[in-house]
Amino acid sequence: MKTKVLIFIAIFLFGIILYFPYISGKEFQGEEGRRVLIALQMLESREYLIPQLFGEPYFNKPPLFNLALALFFKLTGDYSELTARALSALSIIFSALFLTFIWIKLLEASKERACLSAYHYLLPGLIFLTIPEVIDKALRAEIDAFYTMVITFGLYSWFYLHEIKGKRKVSFIVLGIFLGLGLLTKTFQALIFFYLAYIPYLFFQRRLREFFSFSHLLGIFTLGLVFLFWAIPVSQKMGLKPFLVAWLYEYLSAGKAQEMSFLQHLESYTLSALLGFSPWIFALLTLRSPNFKNFLKENTNLYRLFLFSLFLFFFSYVFHFLFPGARLRYMLPSVSGLVMTATLIFYYSFLKDNFLKRYQIFFNKIFPSLSLLLAIVIFFYFFRKNWTFSWFVYINFLLFIFLNLLAIIKELSMREVFFYFVFYVFLVKQLFVGFYYPFHQKEKNYFINSAFLLSMLMGDKKELYLCGVVPHHLVYYLKYRYNLLEKIFYLKDCREGPSQSYLLLKDLSLISEKEKIDKVFPLRVRNKLYYLVLTK
């Protein structure tokens, strides 16, 4: 019992140390501003069922992530980038802890349990935390990390309860709850991940009749109840049709928006997957080993875990690959399948150390040597450019050099290879944020700088009217982060703005009567041009 507690503490602390350095060192980008703004306006309006922006319903996404973020803001009493992104980081850490819990339960029932050590228990948690695509989403105040946590909890709760404990009705009820929450986080896509794994899993084991079981129907019924818990009060307020139409339109528009040819997509998506899921995705190259297959077949529970996890990851990849323009983050909830598959591979390699012997020269010589050479070349390039680095970068750079030198000098066991990759990803991440985030603060704080400039132009005025535009990041920094303005309003009609007031718009023609304009200040925010207008 004490060992398990220490395992969970170790994974939690590792996740904190991995994700939190510099987590607030970069201004909001992408969809972060929109998600945070909706959450903050939930707190202001106390309308938690229907996401809103300036009193107008936001139909494109369900409310659960915004609600979770709003409650996190309320709990902490802080609206900073740190708090907003901490929810994503903690979501990933809790996902890693949950997968570790499931893995420990499986190992306790295996016949090798007598020879297990803490190293075996750590596998899924450390793999999950050190996947580059997961790290990227853990550092963003967006839906993906929270959504991944909800789906991961649902899928592997079902697997453990249904396949290991034999509690079929309970397993589908729990699954229905989490898939319902997933639906309320990112619409119908939540269902795809389960069925892409479940149907092939049943088919491979010749158990397709279970698809029509009462337990499965009970799960669907539970999912429906969770959805109706939100849908009924919303339909009474304004009807569900606007939400359903917006959700379907998003899928249809995404399917039509082919930003590249199929061959370009093949190259881009495959390369993104190799980089985003490195180094753990390369463990899949060993799946053809007959000894590994025999080992799995001797352990029924591990074999079932292998099939379910492999099908989850593989078919999710294939499904999303079929849509040119799809982003790698769309399949992020299936990354738990890769984690568990890689966990089984490394678990077997720990028990049978010669399992990956054929790759020894790559692990011990080629990869560390190339990494060492690349690190030195990059460092001296920036050194010659007179870049200055913090002590944080220097320490992690020296640790990176030491790690790779150690790998070259010492013949690594498979356990040491595993931890080499864990600390390799850890140090690369720290070097990146230690270098890029301060650079971003100095050179690319477009929205923060624009917020202070706009506030300076407005002088003593503390009210701003938005006309035809909602620059989410700018609004966040003006009103919530730095309290530069007291009130920001949105005008449906620019002519409704009061006299002697400031309007922010992108098209001056929206103000039909030019004699109403007193002053105009062009304001470039990143790559967009706005106009700050003072009316007469």
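These numbers were taken from a predicted model, which means no experiment stands behind them.

Attention shifts here to the overall build of the protein chain. A tally of regular secondary structure across the protein chain gives 20 helices and seven strands. A globule of 536 residues ought to have a C-alpha radius of gyration of about 24 Å, and the protein chain, at 26 Å, matches this closely. A separation threshold of at least 6 residues defines the contact pool for the protein chain, and within that pool the share at least 24 residues apart is 77%. Taken as a whole, the protein chain presents about 25,000 Å² of accessible surface, with 64% of it coming from carbon and sulfur. Across the protein chain, the mean location of the 57 positive side-chain charges is 8 Å away from that of the 33 negative side-chain charges.

Here we take up the sheet that holds strand β3 (residues 463-467). Read from one edge of the open sheet, five strands run β4-β3-β5-β7-β6, paired in mixed fashion. At either end of the open sheet lies a strand with only one pairing partner, and these are β4 (487-491) and β6 (517-525). Taking the axes of each pair of neighbouring strands and ignoring which way they run, one obtains an average angle of 25 degrees across the sheet. Sheet topology note: the β3/β4 ladder contains five bridges and is parallel. Bridging across to β4, Leu 466 finds its partner in Tyr 490. Helix-sheet contacts for helix α20 (residues 472-481) involve β3, β4, β5 (502-505) and β6, and the interaxial angle to β4 is about 145 degrees.

Before going further, it helps to examine the environment of Tyr 269. Mapped onto the elements of the fold, Tyr 269 is located in helix α12 (residues 262-276). C-alpha of Tyr 269 to C-alpha of Phe 59: the two residues are 210 residues apart in sequence and 29 Å apart in space. Among residues more than four places away in sequence, those in contact with Tyr 269 are Tyr 317, His 320, Phe 321, Ala 326, Arg 327, Leu 328 and Met 331.

Right, let's talk about the side chain of Glu 27 for a bit. With respect to the helices, strands and loops of the structure, Glu 27 is situated in the loop between α1 (2-19) and α2 (32-45). Summary of buried charges: Glu 27 has no salt-bridge partner, and the nearest side chain of opposite charge, Arg 526, is 6.2 Å away. One polar contact links the side chain of Glu 27 to the main-chain amide nitrogen of Ile 448, over a distance of 3.1 Å. If near-sequence neighbours (up to four positions away) are discounted, Glu 27 is found in contact with Glu 32, Arg 85, His 440, Lys 444, Asn 445, Tyr 446, Phe 447, Ile 448 and Tyr 477.

The next subject is helix α5 (residues 118-129). Look at α5: 17 Å from first C-alpha to last across twelve residues, which is about the 16 Å you get at 1.5 Å a residue. Most of α5 is tucked away: ten of the twelve residues are buried. Restricting attention to buried positions, one finds in α5 the residues His 120, Tyr 121, Leu 122, Leu 123, Pro 124, Gly 125, Leu 126, Ile 127, Phe 128 and Leu 129. Here the buried face of α5 lies against α1, α4 (81-108), α6 (132-138), α7 (143-164), α15 (335-351) and α18 (414-443).

This part takes up the environment of Tyr 121. Of note, Tyr 121 is situated in helix α5. A relative accessible area of 13% places Tyr 121 in the buried class. C-alpha of Tyr 121 to C-alpha of Thr 152: the two residues are 31 residues apart in sequence and 18 Å apart in space.

The next point concerns the pattern of salt bridges. Taken as a whole, this structure holds 18 salt bridges when the rule is applied. Residue Lys 237 pairs with Glu 47 through a salt bridge whose shortest N-O separation is 2.7 Å. Separated by 190 residues along the polypeptide, Lys 237 in helix α10 (residues 214-237) and Glu 47 in the loop between α2 and β1 (52-53) bring together distant segments of the chain. For Lys 410, the salt bridge identified is with Glu 416, shortest N-O distance 2.8 Å. Under the relative-accessibility criterion, Lys 410 is labelled partly exposed at 36%. For Glu 416, a relative accessible area of 28% translates into the label partly exposed. Residues participating in the shared-partner salt-bridge network are Glu 163, Arg 168, Arg 207, Glu 210 and Arg 304.

On to the nonpolar core, then. Burial of nonpolar side chains together is a common tendency in soluble globular proteins. Tyr 19, Tyr 156, Phe 277, Phe 418, Leu 454 and Leu 464 are the most contacted members of the largest nonpolar core, which totals 177 residues. At 16 residues, the largest contribution of residues to this core is made by α4. Here Tyr 19 is in contact with Ala 89, Ile 92, Ile 93, Phe 128, Leu 129, Val 134, Ile 135, Ala 138, Leu 139 and Lys 429, once residues within four sequence places are set aside. Counting nine residues, the second-largest nonpolar core is a separate cluster that includes Tyr 465, Cys 467, Ile 511 and Ile 517.

On to unusual backbone geometry, then. Of the consecutive residues Ser 278 and Pro 279, the connecting peptide bond is found in the cis state with omega at -5 degrees. One non-glycine residue, Asn 386, lies in the positive phi region at around 65 degrees. Following the sequence through the fold, Asn 386 ends up in the loop between α16 (360-384) and α17 (391-409).

This next bit is on α1. Between the first and last C-alpha of α1 there are 26 Å, a value that for 18 residues agrees with the 26 Å anticipated at 1.5 Å per step. For α1, the full list of buried residues reads Ile 7, Ile 11, Phe 14, Gly 15, Leu 18 and Tyr 19. One side of α1 holds all its buried residues, which, seen down the axis, span an arc of 110 degrees. Elements in contact with the buried residues of α1: α4, α5, α6 and α18.

Rules behind the numbers
Residues numbered from 1 in each chain as written. Predicted model: local features only at pLDDT ≥ 70, side-chain atom pairs only at ≥ 80, totals over all residues. Heavy atoms only, no water. Helix = DSSP H or I, 4+ residues; strand = E, 2+ residues; numbered from the N terminus. Rg over C-alpha atoms; globule rule 2.2 N^0.38 Å. Contact = heavy atoms within 4.5 Å. Areas by Shrake-Rupley, 256 points an atom, 1.4 Å probe, with all protein chains shown as cover. Lys, Arg positive; Asp, Glu negative; His and termini not counted. Charge placed at Lys NZ, Arg CZ, Asp CG, Glu CD. Pairing = 2+ DSSP bridges. Axes fitted to C-alpha atoms, helices over the stretch in contact; angles between N-to-C directions. Buried < 20%, exposed > 50% of the residue type's maximum accessible area, 1.4 Å probe, protein only. Salt bridge = Lys/Arg side-chain N within 4 Å of Asp/Glu carboxyl O. Polar contact = N/O pair within 3.5 Å; in protein donor to acceptor, adjacent residues only side chain to side chain. Expected span 1.5 Å × (residues − 1). Core = buried A, V, L, I, M, F, W, Y, C linked by side-chain atoms within 4.5 Å. Arc of directions from axis to C-beta.

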